[in-house]
Amino acid sequence: MNLLRYIFLSAILIAGFFLSYMIYREEVKVPFGATLAPAFQLLGRPIKNVDRALTQVLPIDSLDEARYGDVIYRRYKPYNGGTQEDQAYVQRLVETISLSGKKGFTYHGLILDSAEMNAFALPGGVVFVTSGLLHNMHSEAELAAVLAHEVGHVELSHCLDSVRFEIAARKIGTAPLGELADLAMNLMLRHSYSKTQEEEADEYAWSFLKQSSYSPEGEGLAFARLLKRYGTSGTASNVVSEYFKSHPYLELREARYRTRFQEWIADHPNEERKYGYKNLQERTTLADDPSLDP
Amino acid sequence: MEYFAIFLIVILFIWVLTLSSTVSKLKRDLEFLEKKEKSDISGVHNLINHLQSVESQGTQTGAAQEVEKTPVPSSNARSETQSAEPTYENKPYPVSTTAPVATPALQQGSIAEKGEAIAIKKNPSASSLKWSAFEKQLIENWTGILGSVILTAGLSFLGVLSALALTPFFRFLMLLAAATAVGALSYYLARLDNWKKFAFWLRGISGAVALFACFASAAIPGIQWVESQSLGLVLIGAGVALNLFFAYTASRQIFASIHLFLSLVTLAVLPQQMPVYALASFVALAGVVFSYKSFWIHQTLLSTLSYVTYQVYRYFILTGSGYVFTDVDRYAGIGATLAVTLSAISMHYIKTDIRNSSSQNYRVHLVSHLMHWFTAAIGLAFYATGERYVTLILFLTALLTYALARVAKKKSILWLYRTDLMVAQSIALYGIVTLYRWEMDVFWIACMINVEALLFLRLALFEKDPVIEVFARPIHLLSGVAVLFSAIAAIDHDNTRLMVTNGAVLIILVYFTIFINRSRSMVNFESNGRLQEILNFFRGKGKLDLIELFTGFFLILVHILLLSLYQSSLMIALIQISLILLFIYDRKKVHTESTSGYGLMLFIVVSHLTLWLYVSPTGINPPMMQLLAFMLPFFVSTLLISVFPVLNLKEPILRLPGIGLFSIHLLLFIFFVTMHFSPLLPGVVWLMVSLIGLEIAYGIMKKGSRPYVDAGKIVLYFALFFIAAFLIHHVVVELQTEFYILGMPLRMLIQLFSISVFAYWLFSHPRVQENLEGPLWGSIQPLFLESIIAMTVVLLEFQFTQKWMTLFFALFAMGAMALGQFWKRSYPNLSRMKLYGVFMYYVAAFHIAFLSTVTEMPANHFMEQSWVIGLIVEMLLTGIVVWFYRSIRLEEAVYPGVLSFLRKIAGLLTIKRNHWVFDPLFIASALFLYWSFDHAILTLLWVVMIFIVFGLSIVIREGHFRILALMALAFALARLIFFDLSQSSLTMRAIVFVGVGILMLGMNSLYNRFKGRFV
């Protein structure tokens, strides 16, 4: 028994020394000295799952969400900015990405005239992207990663979760009550899982890129562009601020998808993927003209 | 202003007179009443005896009849069989002297008969006593005082009336004649026995009128006939002299006091020149000296009180008018003050009397003596010259006073000894304070006060005098506070010399304190009152002595002072080691109850912890060797603290901080050194150190004896401390890494490593567990199992997406049940894994029910489809259910310490397994099918599920399954009719109907085949 114990102990210590040596040799660094953001993301998962279950048991489905989305689309369509070419390009790209989804309704891609680099999704498949983002992305793969992230929010029902009571209440003609219930739920719970939702949407984008013809590097690059534009935060916020942050740190997201791509490319050394630099410049999607990116 | 002051003095005088007189009268009255009561009680006893004798003679008085009618409570039989009991008739009533009311009925009867005894029996109430005292006071004193005042006023009015017709000189003569007449009358009346008291009141009037005449002839217009100031003063002096004479010849102190007081009041009204001051001081001195005659304590008190009032009045009158005291004034003031007060103070020594030490007069004497000292202090303070040499005088005075106190001690006058000892202490403290005149630093003065206060405390302990100790301890503690604050105020890190000097002084002070305090003997006295409580607060009955606490504070201050010096670590470590040696020596050789080491412990803990504050901000990433050199003394000192107690095998106090501090230093040392290379290194190294700590603890415990087991336990707890540090570090630092090593995520590798370390902690040391006692270890060590589970879940959550997590939870549930089931005998701790398996089963069921369709990610591979994974999970969960029903027993598992609540849950799951284990899966499966597949074939899928459940009911012979399956089948058939028949396409309708039909036939044949199993 003692011998077994000593063997086990020696094995653990050797493994520890080896691990330490590897860390020492690689001089591994982390973006922040100390942060609770990953822990908050992790803790947000069970809460988000319960929240999802609540949406599931409500008498609403994708059809209700699609109707709701149509209303939103009609309301915001007049604000669609950019050139017609840009509009068509974004719409086409969103439609292409949404083909991987299960919701089954038509997505609408709209452009918001703003120098900021941002994108967001609304229930029912309405995806907004700012002209600033459109102009600052270097390749279609990067833009597709951002749009897939937003489509992910819709597909993973993050958007529906935030208006579920309103949609359900609308069926019995008490929409304001439903809005009030949504507001209350969002105020109470949203901060606890918003970072988890972002992480899931990131994961959705990564899954989309992996099974598409785009290079999965697009996602890491997209975060790198955002990071370049907005700069690194340097040090982590305090615990309370970290809890109330809606998104995970860009530094962590960029590092995550950069290293993931490195591992992916190591596993797929011969796989050819496209970035679509020219596609983006010419506002022609890769699906429509793969030859632009040889 | 002058008249107001006079008025105040008169009021004060009258108040003092009243008070003293009231107190003395009250005492006399009480004594009288007590005596009277005793005599009355004895009178009652006599009366009773008399009655008994009368009864025994057969005289049929009313009292005797009353006795017959009123039975004696202690012997009812006696009254009923009076004639039959000769003893009753022949013997007197058994009235005890200690219990005079033993036969109340009888007494009442007797007293009522005698009538006069009623008033005697009735105790006077408090209000009647007060009234009686007030009445006596009014009659005996105030009639005299007021009568004198009114008569004086009347004579004055008469004089004024007649004087209007006379020249001032004749007016003076007239007043003098009146005074002489009254005086003569008083002397005459003094010869008569019944008029003596009145005679003295008349003499008081005579003296007052004569003094008024003298004063008026020099100062009051209308009567003033003397123009020369000197002659006026001589005249007033003569008046004062007459009054002094009267005072000297007075038979009681109250009359003497009146004469002295009048003289002082008169002199206070005059311009405060030196001759007047001299005369006033002389009057006060005379007042004190006269009191020697019959040891008039109130007279002395009045003299010094009047004199100090006069001094204050004179001081403010003169300084208010802008007068600046000359040296002559000051020396005269000091001289006069000393003459009056010293003669008053000496009285208690010269006039040694049995009354001095009697408890009855103790307080009056104490107050009087303190008032003398107070008078001296005020007088000397007013006329202080501000010279340096005063310090020496004060020290000498303190010594002399202490010598006086020793005299009192020899004469066994305890109150006097205590009073003068405390006065000596006060003078000495003031003497030290005056050292600022020698330009001495405040810090040094505070230190000297501390030393002096400590010596005073030591004296109190040596003398075993609790009263002195109660005063000495706060003084010492306050002086300690003064040292602390003055040292903090003097901190100047740019002045290294000052820092070192002050630090050295503090260290000397600490050693001195320990040396003085180490052999202290606790004064134990019988009192359990407030005094005892106060002392207990200060000295903590051996638990926490505030002196020790202060030595701790001093040492912390030394640490702060020396912290700026880089070499201080060695110095502080040496101090610690020397103190520890002293502590151990003290413990073993001197006194077991002495210095319990809390101050030392406080210093050690704080100094060690603050050390890292120095290292952290100034020495971020210092070279390892430099950091090691800095920390080495602390490692050594903490090791010594850890090892010494083990060596002497007795002292448990320092072992915990010793090992604890060593662990903290090691932990932080590792942190600072490894952080230099990678922020991910500390956690891994800490985990390895925890294993080494575990092995060391095991090695120590193997020696077997109790101290080693205890020491091993402490090592064990601090090895756990490294685990806790790792967990915190992992959450705030390591979770964020996305780095890959050898193609694997580094975070995952660290988590796997931690799981293996946790597993070692969980499995490795059955022998350690045997040696360990107490709930802490018993609760913590088994929790490594839960740590492993938690870390595994975290690992999976970070590595895999939601759909895979569903599968992992199902596999985890199965694996956990397998571990708990197969290793429950070898490792009973693992047996509760079965319960955790059920929890995981719930999570997996929840996932397939609600999440599998809404967390779908884009995927190309068939196996990555959520519904495929969902079906696999369903199969696994079904397998778990079968296994659970056949062989899993949750209630036999081990649920230690804080997890004991799980036993209830396990019991519930066992008893109601149908509702809590199977039904959730049934519902989850139905929902999974509903949300994952086309609704056109849903009925068929549900019937497949029902068929499987029906089959299970045969396999595990569980009737609940069958009933549920049949109920669900009814629901499915309803759907088949109302939904599929109307809404499905013809093809789907056909498929569904055929499928459902076949399955129902299958169920029928199964039922017929295994009918015997349906119980």
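Use the structure listed above.
Residues numbered from 1 in each chain as written. Chains lettered and ligands numbered in written order. Predicted model: local features only at pLDDT ≥ 70, side-chain atom pairs only at ≥ 80, totals over all residues. Heavy atoms only, no water.

This part is about the overall build of chain B. When helices and strands are counted, chain B shows 41 helices and 2 strands. Buried residues in chain B amount to 50% of all 1015 residues. Sequence-distant contacts, at least 24 apart, represent 73% of the contacts inside chain B between residues at least 6 apart. Accessible surface for chain B amounts to roughly 47,800 Å². Of this, 69% is attributable to carbon and sulfur atoms. (Helix = DSSP H or I, 4+ residues; strand = E, 2+ residues; numbered from the N terminus. Buried < 20%, exposed > 50% of the residue type's maximum accessible area, 1.4 Å probe, protein only. Contact = heavy atoms within 4.5 Å. Areas by Shrake-Rupley, 256 points an atom, 1.4 Å probe, with all protein chains shown as cover.)

This part is about the overall build of chain A. Broken down by element type, chain A carries 12 helices and 3 strands. The burial tally for chain A puts 56% of its 294 residues in the buried class. Within chain A, counting contacts between residues at least 6 apart in sequence, those at least 24 apart form 70% of the total. Surface exposure of chain A reaches about 13,500 Å², of which carbon and sulfur atoms provide 59%.

Residue and element names in this part refer to chain A. Taken together, the 3 strands give an open sheet; going across it, the order is β1-β3-β2, and neighbouring strands pair in mixed fashion. Because the sheet does not close on itself, it has two edges, and the strands there are β1 (108-112) and β2 (119-122). Here the strands of the sheet are splayed against their neighbours by 20° on average, with no regard to which way each runs. Here β1 runs beside strand β3 (residues 126-130); their pairing, made up of 5 bridges, is parallel. The residue bridging Gly109 from the neighbouring strand is Val127, located in β3. Sheet strands in contact with helix α4 (residues 84-98) are β1 and β3, and its direction is about 140° off that of β1. (Pairing = 2+ DSSP bridges. Axes fitted to C-alpha atoms, helices over the stretch in contact; angles between N-to-C directions.)

This paragraph deals with the nonpolar core. A:Ile23, B:Trp761, B:Leu877 and B:Leu890 are the most contacted members of the largest nonpolar core, which has 126 residues in total. Apart from the residues within four sequence positions on either side, B:Leu877 is in contact with B:Ala810, B:Tyr841, B:Ala844, B:Ala845, B:Ile848 and B:Leu921. Grouped together as the second largest cluster of nonpolar side chains are 47 residues, A:Met137, A:Ala145, A:Trp206 and A:Phe208 included. (Core = buried A, V, L, I, M, F, W, Y, C linked by side-chain atoms within 4.5 Å.)

Moving on, we come to the interface of chain B and chain A. Taken together, the contact pairs 55 residues of chain B with 54 residues of chain A. Carbon and sulfur atoms supply 70% of the area that chain B and chain A bury against each other, a total of about 4,800 Å² over both sides. Across the contact surface, chain B and chain A share 3 salt bridges. The partner of B:Glu738 in a salt bridge is A:Arg256, and the shortest N-O contact between them spans 3.8 Å. Taken together, the links from chain B to chain A amount to 10 residue pairs in polar contact (both at pLDDT 80 or more). For the side of chain B that touches chain A, the elements supplying multiple residues, two or more each, are α28 (681-701), α29 (706-732), β1 (740-741), α30 (746-763), α33 (783-799) and α35 (833-851) of chain B. At 8 residues, the largest contribution of residues to the side of chain B that touches chain A is made by α30(B). (Buried area = accessible area lost by both parts, 1.4 Å probe. Salt bridge = Lys/Arg side-chain N within 4 Å of Asp/Glu carboxyl O. Polar contact = N/O pair within 3.5 Å; in protein donor to acceptor, adjacent residues only side chain to side chain.)

Another aspect to go through is unusual backbone geometry. For A:Ser157, which is not a glycine, the phi torsion comes out positive at approximately 65°. Mapped onto the elements, A:Ser157 comes out in the loop between α6 (140-155) and α7 (158-170). Phi is positive for B:Arg957, close to 50°, though the residue is something other than glycine. Mapped onto the fold, B:Arg957 is located in the loop between α39 (938-955) and α40 (959-983). You can call B:Arg957 exposed: its relative accessible area is 54%.

Attention shifts here to the packing of aromatic side chains. Tallied over the entire structure, the rule returns 41 aromatic pairs over all chains. Look at A:Tyr76 and A:Phe128: their rings are 5.8 Å apart centre to centre, the planes differ by 90°, and that puts the pair in the edge-to-face class. One end of the pair, A:Tyr76, is in helix α3 (residues 62-76); the other, A:Phe128, is in strand β3, and 52 residues separate them in sequence. Each residue in the set B:Phe884, B:Tyr885, B:Phe918, B:Phe922 and B:Phe961 is aromatic and connected to the rest through ring pairs, giving one cluster. (Phe/Tyr/Trp six-rings, centres within 6.5 Å; stacked < 30°, edge-to-face > 60°.)

The next subject is the packing of helix α2 (residues 37-57) of chain A against α7(A). All names here are of chain A. The contact between α2 and α7 brings their axes to 10 Å, and the two run at 60°. Taken together, the axes of α2 and α7 lie oblique to each other. By crossing handedness, the relation of α2 to α7 is classed as left-handed. Across the interface between the two elements, Lys48, Asp51, Arg52, Leu54 and Thr55 from α2 touch His158, Leu160, Asp161, Arg164 and Phe165 from α7. (Parallel < 35°, antiparallel > 145°, perpendicular 65-115°, else oblique. Left-handed = near helix turned anticlockwise from the far one by under 90°.)

Right, let's talk about the pattern of salt bridges for a bit. Per the counting criterion, the structure on display carries 27 salt bridges over all chains. Two residues, A:Asp288 and A:Arg92, come together in a salt bridge whose shortest N-O distance is 2.9 Å. Of this pair, A:Asp288 sits in the segment after α12 (277-282) while A:Arg92 sits in helix α4; the two residues are 196 residues apart in sequence, bridging distant segments of the chain. A residue is classified by how much of its surface remains accessible, and A:Asp288, at 40% relative accessible area, is partly exposed. Taking relative accessible area as the criterion, A:Arg92 reaches 32% and is therefore assigned partly exposed. Between B:Glu469 and B:Arg473 there is a salt bridge whose closest N-O contact spans 2.7 Å. In this pair, B:Glu469 and B:Arg473 are both assigned in helix α20 (residues 466-489), 4 residues apart and thus about one turn of the helix distant.

Attention now moves to the environment of A:Ala205. All names here are of chain A. You can see Ala205 is positioned in helix α8 (residues 175-211). It is 9.6 Å that separates the C-alpha atoms of Ala205 and Gly218, two residues lying 13 residues apart in sequence. The residues contacting Ala205, other than those within four sequence positions of it, are Ala145, Ala148, His149 and Glu219.

Turning our attention to a nonpolar patch on the surface. A surface patch of nonpolar side chains, amounting to about 600 Å² of accessible area, comprises A:Phe18, A:Tyr21, A:Tyr24, B:Phe677, B:Leu742 and B:Met744. For the nonpolar patch, the element with the highest residue contribution is helix α1 (residues 2-26) of chain A, accounting for 3 residues. Mapped onto the elements, B:Phe677 comes out in the loop between α27 (655-675) and α28. (Patch = residues over 30% accessible without salt bridge, like charges linked within 9 Å, V, L, I, M, F, W, Y side chains within 5 Å.)

Residue and element names in this part refer to chain A. With 15 residues, α3 should reach 21 Å at 1.5 Å per residue; the first-to-last C-alpha distance of 20 Å fits that figure. Among all positions of α3, only Asp64, Glu65, Ala66, Tyr68, Gly69, Ile72 and Tyr73 are buried. Among the structural elements, β1, β2, β3, α6 and α7 are those in contact with the buried residues of α3. Where α3 starts, the residue carrying a side-chain oxygen 3.1 Å from the main-chain nitrogen of Leu63 turns out to be Asp61. (Expected span 1.5 Å × (residues − 1).)

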